[in-house]
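Spelled out, the chains give:
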Amino acid sequence: MASKPDETRDGVALTNLDQPLFDDADATKRDLVDYLDAVHERILPELRERPLSVIRIRPGQPAFMQKNVPKYTPEWVKTVSVWAEASKREVSYALCDDRRTLLWFANQRAVEYHPTLMRAERWDRVTHLVLDLDPPEGETFSMAVQAAFLVRQALADSGLAGAVKTSGAKGVHVFVPIDESVSIEDAAAATRAIAARAERVDADVATTAYIKEDRHGKVFVDSTRSGGATVVAAYSPRVRPGTTVSFPVGWDDLDRVTPRDFTVRTAPGLLGDADRWAEQLPAPQSLPEDLLEEGRAIPVARVAAMHEGKRRKRAKEAAEKEERKE
């Protein structure tokens, strides 16, 4: 028999609210539910009509990403079926379009919310370019901030603008809204070109090297968040110590914050009545042709890295063979 819920909100029975969320969370399940409810009017526009993957964490178990909705999902949760080429199967994604669905996910201990860059009704278009700035290991958020300013410069030089948020982990995300004239392939090309231009502004700070050992302590300007990729939403909590939040930060404040400033406990008070992300995002922009041309000539990072990895492996095997001859 199902246990009596601790409370009910918007028709959703909420259970085990006083359990710790995860090790080092410094938060309970209630804190997660209360936070998502407090920001639902801000986070829902980031999730609405977009196929959603979530990262859940059950008590005593490692976190896991859920794409396919479970069999016990209520019938009122909207879903969309998508053919997954990698696994050769239909995946039924949730569309988190309303408060009730968000509260249901919160009760399922879904901590992180990763929507696609495209909407369910427009599979052939993404709505944003995303530059994911991934600093090297250690306390290096300040380096990610430096790289974000390089991206901002590269965008400005291209006649574009973007908004910035903490990733909630150790990095920074720059979002560039684009109009519907841009194909998925060209959006990916433009993202590669912006990354390359940012690297050229200061190659001592930023790198587009996909292979980790080639980064040499620099910030990786990741241009691979395109097409069917997902990116953690603004305002989403993260499975990180303190249950940090991916938080919108004005460009003028970016070098004065740390990811740990924004948690499920502190973020609602810092926001007040404002929707910082909506306020900071520029209107959708068209992309200049020279940016697209440059990007089309840049190989896709994953593909280039795969070929380079194979080349290095062959070179290493050949060298070892020569050594054995000697």
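Everything numeric in this text was worked out from a predicted model, so none of it was measured. (Residues numbered from 1 in each chain as written. Predicted model: local features only at pLDDT ≥ 70, side-chain atom pairs only at ≥ 80, totals over all residues. Heavy atoms only, no water.)

A. Fine view of the overall build of the protein chain. What the protein chain contains, in helices and strands, is nine helices and twelve strands. Relative to the compact-globule value of 20 Å for 326 residues, the protein chain shows a C-alpha radius of gyration of 21 Å, a close match. A principal-axis box enclosing the C-alpha atoms of the protein chain has dimensions of 70 × 50 × 40 Å. Across the 326 residues that make up the protein chain, the buried fraction comes to 52%. Residue pairs in contact within the protein chain that sit at least 24 positions apart in sequence constitute 71% of those at least 6 positions apart. On the protein chain, roughly 15,800 Å² of surface is accessible, and the fraction owed to carbon and sulfur atoms is 50%. (Helix = DSSP H or I, 4+ residues; strand = E, 2+ residues; numbered from the N terminus. Rg over C-alpha atoms; globule rule 2.2 N^0.38 Å. Buried < 20%, exposed > 50% of the residue type's maximum accessible area, 1.4 Å probe, protein only. Contact = heavy atoms within 4.5 Å. Areas by Shrake-Rupley, 256 points an atom, 1.4 Å probe, with all protein chains shown as cover.)

B. Seen up close, the pattern of salt bridges. Enumeration according to the criterion identifies 24 salt bridges in this entry. With a closest N to O distance of 3.0 Å, aspartate 37 and arginine 9 form a salt bridge. Here aspartate 37, found in helix H1 (residues 29-38), pairs with arginine 9, found in strand E1 (residues 7-9); they are 28 residues apart in sequence, far enough to count as distant. On the basis of relative accessible area, arginine 9 is assigned to the buried category, the value being 14%. Salt bridges linked by common partners bring Glu7, Arg9, Asp10, Asp18, Arg30, Asp34, Asp37 and Arg99 together as one network. (Salt bridge = Lys/Arg side-chain N within 4 Å of Asp/Glu carboxyl O.)

C. How the structure looks around the pairing of strand E8 (residues 128-134). Most of E8 is tucked away, with six of its seven residues classed as buried. Taken together, the six bridges between E8 and strand E10 (residues 172-177) define a ladder with antiparallel strand orientation. Directly across from aspartate 132, in E10, lies its bridge partner histidine 173. Of the strand pairs in this sheet, E8 and strand E12 (residues 219-222) are connected by three bridges, and their pairing is antiparallel. Bridge pairing in E12 links leucine 133 to valine 221. (Pairing = 2+ DSSP bridges.)

D. Inspection of the sheet that holds E8 at higher detail. Strands sit in the order E9-E10-E8-E12-E11 across an open sheet of five strands; the sheet is mixed. Only two strands of the sheet have a single neighbouring strand rather than two, namely strand E9 (163-166) and strand E11 (206-207). Of the strands in this sheet, E8, E9, E10, E11 and E12 are in contact with helix H4 (residues 141-157), which crosses E10 at around 20°. Contacting E8, E11 and E12, helix H5 (residues 184-201) runs over the sheet at an angle of about 40° to E8. (Axes fitted to C-alpha atoms, helices over the stretch in contact; angles between N-to-C directions.)

E. Fine view of the UniProt feature "domain: DNA ligase D polymerase" (unreviewed entry) in the protein chain. The positions UniProt marks with the feature "domain: DNA ligase D polymerase" (unreviewed entry) are residues 28-272. With 27% helix and 21% strand, residues 28-272 has end C-alpha atoms that lie 22 Å from one another. (UniProt positions renumbered as here; feature names shortened; annotations may be inferred.)

F. Structural view of the environment of aspartate 37. Looking at aspartate 37, the relative accessible area reads 12%, which means it is buried. Taking the C-alpha atoms as reference points, aspartate 37 and leucine 102, separated by 65 residues in sequence, lie 7.9 Å from one another. Ignoring sequence-local partners within four residues, the contact set of aspartate 37 consists of Arg9, Arg99 and Leu103.

G. The packing of aromatic side chains, seen in detail. Per the stated rule, a full pass over the model turns up six aromatic pairs. Ring geometry for phenylalanine 105 versus tyrosine 113: centroids 6.3 Å apart, planes at 90°, classification edge-to-face. Judged by centre distance (6.1 Å) and plane angle (75°), the ring pair of tyrosine 210 and phenylalanine 220 falls under edge-to-face. Here tyrosine 210, found in the loop between E11 and E12, pairs with phenylalanine 220, found in strand E12; they are ten residues apart in sequence, far enough to count as distant. On the accessibility criterion, phenylalanine 220 (5% relative accessible area) is buried. Three or more aromatic residues joined by ring pairs make a cluster, and in this case those are Trp104, Phe105 and Tyr113. The residue whose ring lies beneath arginine 100 is tryptophan 76, and the NZ or CZ to ring-centre distance is 3.9 Å. (Phe/Tyr/Trp six-rings, centres within 6.5 Å; stacked < 30°, edge-to-face > 60°. Lys NZ or Arg CZ within 6 Å of the ring centre and 35° of its normal.)

H. Geometry of the environment of arginine 265. Tracing the backbone through its elements, the reader meets arginine 265 in the loop between E12 and helix H6 (267-271). If near-sequence neighbours (up to four positions away) are discounted, arginine 265 is found in contact with Asp26, Ala27 and Asp31. Within the local environment of arginine 265, its side chain forms a polar contact with the side chain of aspartate 31, the two groups lying 3.4 Å apart. (Polar contact = N/O pair within 3.5 Å; in protein donor to acceptor, adjacent residues only side chain to side chain.)

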